[in-house]
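# Residue-level structure breakdown
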Protein chains: 2
Amino acid sequence: MMNTPLTVGSLLERAEKFFPKKQVVSRTLSGIHRFTYKEIGERTRRLASALEKLGIEKGDRVGTFAWNHHRHLEAYFAAPGMGAVLHTINIRLSPEHVSYIINHAEDKVLLIDEDLVPLIERSKDQFKTVEAYIIMTDKDELPETTLEPVYSYEKLLRESSPKFEFVKNIDENDPAGMCYTSATTGNPKGVVYSHRGIVLHSFAFGLADTAALSETDVVLPVVPMFHANAWGLPFAATWFGSTQVLPGPLFTPKLLAELIDQEKVTFTAGVPTIWLGLLNELEKGSYNTSSLRSIVCGGSAAPRGMIKAFETKYKIPFLHAYGMTETTPLATVSRLKRYQIGLEEEEILDIRSKQGLLVPGLEMKVISGNGEVKWDGEEMGELLLRGPWIADGYYKDERSKDAFRDGWLYTGDVATVDEEGVIKLVDRTNDLIKSGGEWISSVDLENAFMSHDAVFEASVVAVPHEQWQERPVACVVLKEQYKGKVTKQELLEFIAPQFAKWWLPDDVVFMEEIPKTSVGKFLKRALRDQLKDHLVQNS
Amino acid sequence: MMNTPLTVGSLLERAEKFFPKKQVVSRTLSGIHRFTYKEIGERTRRLASALEKLGIEKGDRVGTFAWNHHRHLEAYFAAPGMGAVLHTINIRLSPEHVSYIINHAEDKVLLIDEDLVPLIERSKDQFKTVEAYIIMTDKDELPETTLEPVYSYEKLLRESSPKFEFVKNIDENDPAGMCYTSATTGNPKGVVYSHRGIVLHSFAFGLADTAALSETDVVLPVVPMFHANAWGLPFAATWFGSTQVLPGPLFTPKLLAELIDQEKVTFTAGVPTIWLGLLNELEKGSYNTSSLRSIVCGGSAAPRGMIKAFETKYKIPFLHAYGMTETTPLATVSRLKRYQIGLEEEEILDIRSKQGLLVPGLEMKVISGNGEVKWDGEEMGELLLRGPWIADGYYKDERSKDAFRDGWLYTGDVATVDEEGVIKLVDRTNDLIKSGGEWISSVDLENAFMSHDAVFEASVVAVPHEQWQERPVACVVLKEQYKGKVTKQELLEFIAPQFAKWWLPDDVVFMEEIPKTSVGKFLKRALRDQLKDHLVQNS
Ligand SMILES: Nc1ncnc2c1ncn2[C@@H]1O[C@H](COP(=O)(O)OP(=O)(O)OP(=O)(O)O)[C@@H](O)[C@H]1O
Ligand SMILES: Nc1ncnc2c1ncn2[C@@H]1O[C@H](COP(=O)(O)OP(=O)(O)OP(=O)(O)O)[C@@H](O)[C@H]1O
Ligand SMILES: [Mg+2]
Ligand SMILES: [Mg+2]
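What counts, and where the lines are drawn
- Sequence order as written defines residue numbering, which begins from 1 separately in each chain.
- Lettering of chains starts at A and numbering of ligands starts at 1, both following the order in which they are written.
- The predicted origin of the model limits local features to residues at a pLDDT of at least 70 and limits the giving and counting of side-chain atom pairs to 80 or more, whereas totals for whole chains, interfaces and linings rest on all residues.
- Side-chain calculation: all heavy atoms of the structure are included, whereas hydrogens and water are not.
- Only DSSP runs of H or I reaching four residues or more are called helices, and only runs of E reaching two or more are called strands; each is numbered from the N terminus.
- Two things to know: the radius of gyration comes from C-alpha atoms, and the globule rule equals 2.2 Å times the number of residues to the power 0.38.
- Only protein chains enter the accessibility calculation, which uses a 1.4 Å probe. A residue is then buried if its area is under 20% of the maximum for its type, exposed if over 50%, and partly exposed in between.
- By the convention used here, residues are in contact when the closest approach between their heavy atoms is within 4.5 Å.
- Surface accessibility in these figures is a Shrake-Rupley result with a 1.4 Å probe; residues are shielded only by whichever protein chains are displayed.
- Positive charge is attributed to Lys and Arg, negative charge to Asp and Glu, and no charge count is given to His or to the chain ends.
- To locate a charge, the coordinates of NZ of Lys, CZ of Arg, CG of Asp or CD of Glu are taken.
- UniProt positions are given in the numbering used here, feature names are shortened, and annotations may be inferred rather than shown by experiment.
- Should DSSP find at least two bridges between two strands, the strands are regarded as paired.
- Axis angles are defined between N-to-C directions and span 0 to 180 degrees, where every axis is a line fitted to C-alpha atoms and, for a helix, only to the segment in contact.
- Being near a molecule or strand, for a residue, comes down to having at least one heavy atom within 4 Å of it.
- Within 3.5 Å is the distance limit for a polar contact, defined as a pair of N or O atoms, with the added protein rule that one can donate a hydrogen and the other accept it, and that residues adjacent in sequence qualify only through two side-chain atoms.
- Under the convention adopted here, Pro, Cys and the residues Ala, Val, Leu, Ile, Met, Phe, Trp and Tyr are nonpolar, Asp, Glu, Lys and Arg are charged, and Gly plus all remaining residues are polar.
- Only buried residues count toward a nonpolar core. Its members are Ala, Val, Leu, Ile, Met, Phe, Trp, Tyr and Cys residues joined through side-chain atoms within 4.5 Å.
- Copy-to-copy superposition: least squares on the C-alpha atoms, limited to residues that have pLDDT of at least 70 in both copies.
- Aromatic pairing here means that ring centres of Phe, Tyr or Trp (its six-membered ring) are within 6.5 Å. Orientation follows from the plane angle: under 30 degrees is stacked, over 60 is edge-to-face, and everything else is tilted.
- Criterion for a charge above a ring: Lys NZ or Arg CZ within 6 Å of the ring centre, and within 35 degrees of the ring normal.
- Take the accessible area each of two parts loses on contact, using a 1.4 Å probe, and add the two losses: that sum is the buried area.
- A side-chain nitrogen of Lys or Arg and a carboxyl oxygen of Asp or Glu constitute a salt bridge if their distance falls within 4 Å.

## A look at the overall build of chain A
Across its full length, chain A holds 17 helices and 27 strands. Here chain A has a C-alpha radius of gyration of 23 Å; the compact-globule value for 539 residues is 24 Å, and the two agree. Expressed along its principal axes, the backbone C-alpha trace of chain A runs to roughly 70 × 50 × 50 Å. Burial analysis of chain A (539 residues in total) assigns 63% to the buried set. Contacts spanning at least 24 positions in sequence make up 68% of the contacts within chain A whose residues lie at least 6 apart. Counting only carbon and sulfur atoms, one obtains 48% of the accessible surface of chain A, whose full area is about 20,200 Å². The positive charge centre, built from 61 side chains, and the negative charge centre, built from 76, are 3 Å apart in chain A.

## Points about the UniProt feature "domain: AMP-binding enzyme C-terminal" (unreviewed entry) in chain A
As annotated in UniProt, the feature "domain: AMP-binding enzyme C-terminal" (unreviewed entry) corresponds to residues 445-521 of chain A in the numbering used here. With 18% helix and 32% strand, the stretch residues 445-521 of chain A has end C-alpha atoms that lie 17 Å from each other.

## Some details on the sheet that holds strand β4 (residues 85-88) of chain B
All names here are of chain B. Read across the sheet, seven strands follow the order β7-β6-β5-β3-β4-β8-β9 without closing on themselves; strand pairing throughout is mixed. Whereas interior strands pair on both sides, the edge strands pair on one side only; in this sheet they are β7 (150-152) and β9 (190-194). Each adjacent strand pair in this sheet contributes to an overall mean axis angle of 25°, direction not counted. Relative to strand β5 (residues 107-113), strand β3 (residues 61-65) runs parallel, the two being bridged by five bridges. When the sheet's bridge partners are listed, Arg-61 is paired in β5 with Asp-107. The strands that helix α4 (residues 95-105) touches are β3, β4, β5 and β8 (175-180); relative to β8, the one it contacts most, it runs at about 155°.

## Thoughts on the site of ligand 1
All names here are of chain A. By nearness alone, 23 residues border ligand 1, and Ser-182, Thr-184, Thr-185, Asp-413 and Lys-521 come closest of all. Contacts to ligand 1 include Gly-299, whose backbone N or O atom sits 2.9 Å from a nitrogen atom. In isolation ligand 1 offers 630 Å² of accessible surface; the protein chains occlude 96% of this area. Those elements that provide at least two residues to the shell around ligand 1 are β14 (318-323) and β22 (423-428). By residue number, the principal contributor to the shell around ligand 1 is β14, which donates four residues. A per-class count over the shell around ligand 1 returns six nonpolar, 12 polar and five charged.

## Examining the site of ligand 2
Residues and elements named next belong to chain B. The environment of ligand 2 is made up of 23 residues, and the closest members are Ser-182, Thr-184, Thr-185, Asp-413 and Lys-521. Contact between ligand 2 and Lys-189: an oxygen atom at 3.2 Å from a side-chain N or O atom of the residue. Burial of ligand 2 by the surrounding chains reaches 96%, relative to a free accessible area of 620 Å². Counting only elements with at least two residues in the shell around ligand 2, the list comes to β14 (318-323) and β22 (423-428). The element contributing the most residues to the shell around ligand 2 is β14, with four residues. Classifying every residue of the shell around ligand 2 by side-chain character gives six nonpolar, 12 polar and five charged.

## Side note on the nonpolar core
Formed by 194 residues in total, the largest nonpolar core has its most connected members in Leu-51, Phe-203 and Leu-213 of chain A together with Leu-51, Phe-203 and Leu-213 of chain B. Excluding residues that lie within four positions of it along the chain, Leu-213 of chain B makes contacts with Ala-208 of chain A together with Phe-205, Gly-206, Val-219, Leu-233, Ala-236, Ala-237, Phe-240, Ser-242, Phe-267 and Arg-293 of chain B.

## Quick notes on the sheet that holds strand β11 (residues 243-246) of chain B
Residue and element names in this part refer to chain B. The mixed open sheet is built from nine strands, whose spatial order is β2-β1-β11-β10-β12-β13-β14-β15-β16. Lying at the two open borders of the sheet, with one neighbouring strand each, are β2 (31-36) and β16 (357-358). Where strand β10 (residues 218-221) lies against strand β12 (residues 267-270), three bridges are found, and the strand directions are parallel. When the bridges of β12 are listed, Pro-221 appears paired with Ala-269.

## Things to note about the environment of Glu-13 of chain A
Mapped onto the elements, Glu-13 of chain A comes out in helix α1 (residues 8-18). Sequence separation of Glu-13 of chain A and Phe-166 of chain A is 153 residues, and the distance between their C-alpha atoms is 9.0 Å.

## Remarks on the UniProt feature "domain: AMP-dependent synthetase/ligase" (unreviewed entry) in chain A
Per the UniProt record, "domain: AMP-dependent synthetase/ligase" (unreviewed entry) is found at residues 14-395 of chain A. Along residues 14-395 of chain A one finds 31% helix and 23% strand; the C-alpha atoms at either end are 31 Å apart.

## Concerning the relation of the copies chain B and chain A
Mapping chain B onto chain A calls for a screw motion: a turn of 180° about the axis and a shift of 0.0 Å along it, with 0.1 Å RMSD after fitting. A rotation of that kind, with that shift, is consistent with a two-fold axis. If distances are taken from each C-alpha of chain B to the rotation axis, the shortest is found for Leu-207 of chain B, at 2.1 Å. The residues that chain B uses at the interface reappear at the interface of chain A in 100% of cases, marking a shared surface.

## Some remarks on the packing of aromatic side chains
In the structure shown here, the tally under the stated rule is 23 aromatic pairs over all chains. Here Phe-310 of chain A and Phe-318 of chain A contribute two aromatic rings whose centre-to-centre distance is 5.7 Å and whose plane-to-plane angle is 25°, an arrangement assigned as stacked. Chaining the aromatic ring pairs together yields one cluster made of Phe-203, Trp-239, Phe-240 and Trp-389 of chain A together with Phe-203, Trp-239, Phe-240 and Trp-389 of chain B. Taking NZ or CZ as reference, Arg-45 of chain A lies 4.1 Å from the ring centre of Phe-166 of chain A, over its face.

## Examining the interface of chain B and chain A
Residue-level contacts link 63 residues of chain B with 63 residues of chain A. Overall, the association of chain B and chain A removes approximately 4,900 Å² of surface from exposure, summing both partners, and the carbon and sulfur fraction of that is 62%. Broken down residue by residue, the surface that chain B buries against chain A is led by Met-1, Met-2 and Arg-338 of chain B, which jointly contribute 19%. At the boundary of chain B with chain A, the tally comes to four salt bridges. For Arg-196 of chain A, the salt bridge is made with Glu-172 of chain B, and the minimal N-O distance between the two is 2.7 Å.

## Re the pairing of strand β25 (residues 455-465) of chain A
Residue and element names in this part refer to chain A. The element β25 is largely enclosed, with a buried count of eight among its 11 residues. Pairing between β25 and strand β26 (residues 469-478): 10 bridges, direction antiparallel. Within the sheet, the bridge partner assigned to Val-460 lies in β26 and is Ala-474. Here β25 hands over to β26 after three residues, the two strands then running antiparallel side by side.

## Some thoughts on the pairing of strand β1 (residues 23-28) of chain A
Residue and element names in this part refer to chain A. For β1, the tally of buried residues reaches five of six residues, placing the bulk of the element in the interior. Examined bridge by bridge, β1 and strand β2 (residues 31-36) share six bridges and lie antiparallel to one another. Paired with Val-24 across the two strands is Phe-35, which belongs to β2. Counted along the chain from β1 to the antiparallel partner β2, the turn is two residues long.

What follows is the structure, given as structure tokens:
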């Protein structure tokens, strides 16, 4: 067979060639803009040509610090298209983390959203490698800034060539992108994506049995473009010629509901907190969401009650998926097998709330002390993954040797596997609660709380305990209308029938908000810190 | 990213692991048999182990001479699974072609269906490399045969290990399979498939925008397993865990209709002559075909009238696809773009009867003397293809240098491209009719004839002509009930409004049957030979 390499540039070329009239709808500070793939293609080539003039060479890192919009999409293809490396930086990281990863990745140019310039200014003195700042703004003038040298994105584009040719003769194993993990468990770790990995992942994303992403879809990635490549959506959606709706800065549930309604979105993806917010919004307003054929939810466990609400109340098919920054990220998707299609609603919900079946192309193993766990839905073990879109190490990082061993990625996620081969995550290794020598899964307890009508969010963490080593404590946020009207005791009684007695939390702490990570996951580290003396004081 | 290779063995491993209970339904001489993927997996490993004992080593060719059934499927995975090369031999080739390709491929072992043994016996004295014959029979005893040494498939399996491990550390570019073209235009040419090519092709086959093959499908490949890997279906269907229905020997339209009805087939694939036969059968009998969600049709142009009958009369979605043995084979699929979905029925049929849009992962170019043709649906040129599942040469064959140039496959197919990037094949370069310096497309004329109620099949070929060099002559087979009731003149008048006058055939020849190739395509070479003096005598 021909040894044509799999390249990221070729994904956009397909859209330019076969879907030139299809659109990318982009919301920026100045409103909604519409670009065809033909225009996106030309603008991307102009950007690559501009970056070249600024001295970007093969293998150099180009950082982005931006929301989801068309310019960010252009950077997604311009950097790999010219043989450089796209480094998407999480705009919600602390200033220390921002300068840490920019220096660690050795970014040479930074593409920054106008409204995010202050966040970069406050760290800029720490930067060791950045040679130029490009500001992505709709305006003709640049904002006042201390960044230097500084360029206007649109001005650079105007001065550059729309005919720039993407590199062809690259090794498909060359780096195309990089991203640092969301730092739920510690300092961010850098993951490098190859052209091959991104293209194979895009194939996997379009399979009928995974996300089935199609040209006929109108795709709205709520997941930020700095969070594991927006789960690969910009690459796959461009390749397939899907319409894209990029929601831009300062995004609210209301805006999400409106965009779905107005743009007839068929496919959207994001973390559970987003969907909890959307549910809330749908209850308040009156929106037409009938165009939606798939909500992809990952990043944290999707609560069963939430899935039920979407599927039964709003008739929106819900797709629970699992992945990591280290896995490009799609690793499992929950779908019914043919012989499960006729099951009862509750059984179907049980399946849908699991993380699902391994995506074609990957290998998995769940191991505990005694080797591989039994596929009985009971025995827990750490999930190991292998395959061509799984990282083989962290970028220049000591921690590689812990997570990457014997050719496998040790995910740090604890799972059971049922008879169907479907995995269910019970916790992160760090979040499991060890009570008197036995494991308690915080995820199961959280799901039980969140199925109570009064509960908006719940997170269960391990709190040190003299006698039992650790005991679970539940942190609960009540819905507005239930505040002050529900007691701890009621909640504990509500979940009690589902668990052995010793699993029940020792306490329920009501909160205004659960602290979250930069991408909207429950930040259990913070809760554990906050509650570390909770049971000592109480005893 | 990890450098795990893409291997054919891993496709079956996924079915064994995640779909052990799903079934392969196999029809053999003794009736219908059902095997789970767990059983198929064990039997495949036993076969690999048996082949190893017979001396098969990495890179050796294992020939199959068989219908579509479970044992053939086992060979599909056993040979590549052990690092050997599966060579599927077309059972309908002439004895000369059979010994030519067996010697050319240097097959070491042949796996032969019981009822096909006589076809091998008549050529066996020519074989130079075959060291063992394995007979695939349901019976305990072997049939009487002059082949030697000869083994019973089931007996070998019983004596071998179900735990054989597939090779892991192979180069994904190593050969996994090979197949010779159907010899429509001359001697068969050998194509070698790599592991990488087969796996990438399987990804492409599962995309929502191509065939969307899924675990939930019940797949019946009518296309023979010796014809371009049954278009990749056995690989992809096994990988995704789809139910497979393998129709076995001496297959009729009646049997096809019955299997679709009884096994609730959702997905089937084959050449147009098969579907013409099925249409005929559906009109006679009473079958429930409501389970079908997709008929994939390729290998020759699908007549518009036939597509219309399936889509409007039987409500069976019809998918016209194009490919070659050299392209593993899927290259284009005809689907509507989002903005075409609301078009009128006739416009939709126009799109559906074209060969379609290039599959993600490939590149194309249509060239005429003046470079790339305009995408206007008018200008004709030769179709060139490139990509990771396109062959880069014929196996040890002089003809490679004609077909493979500057990194492209010259398909020998003449196409137009419309504004949407959709290709329409107008002819093979060899079949185009050159009349007075202008090209006439035989395919368009054939389609016009076949849309007449009385016409069962029509083929238009170039016949030498003194004044015009070549002129078109139509060969027409009438449906039973119309025989003797329709005149040449009527048919010519029927098609006349659609064409310029000089396109109209000089004559219509009624025939009992149109000669076909080994895989059911019109054999225009034979027609041209037969008619070469037709216009000379007439003038
Ligand atoms: N569907 C899901 N259900 C439960 N947990 C999930 C799901 N999808 C992802 N996760 C969790 O998210 C993790 C991957 O997240 P990501 O790569 O964004 O960074 P992180 O692990 O949160 O941060 P860090 O690795 O820096 O601590 C997984 O390892 C898993 O713990
Ligand atoms: N959908 C289609 N419409 C029209 N023609 C098609 C279609 N699909 C395939 N073909 C024709 O079939 C050819 C590929 O067929 P295959 O590889 O089986 O061998 P062949 O070309 O018929 O034989 P040989 O190359 O030995 O002469 C294509 O090159 C094309 O001419
Ligand atoms: Mg992590
Ligand atoms: Mg051919």
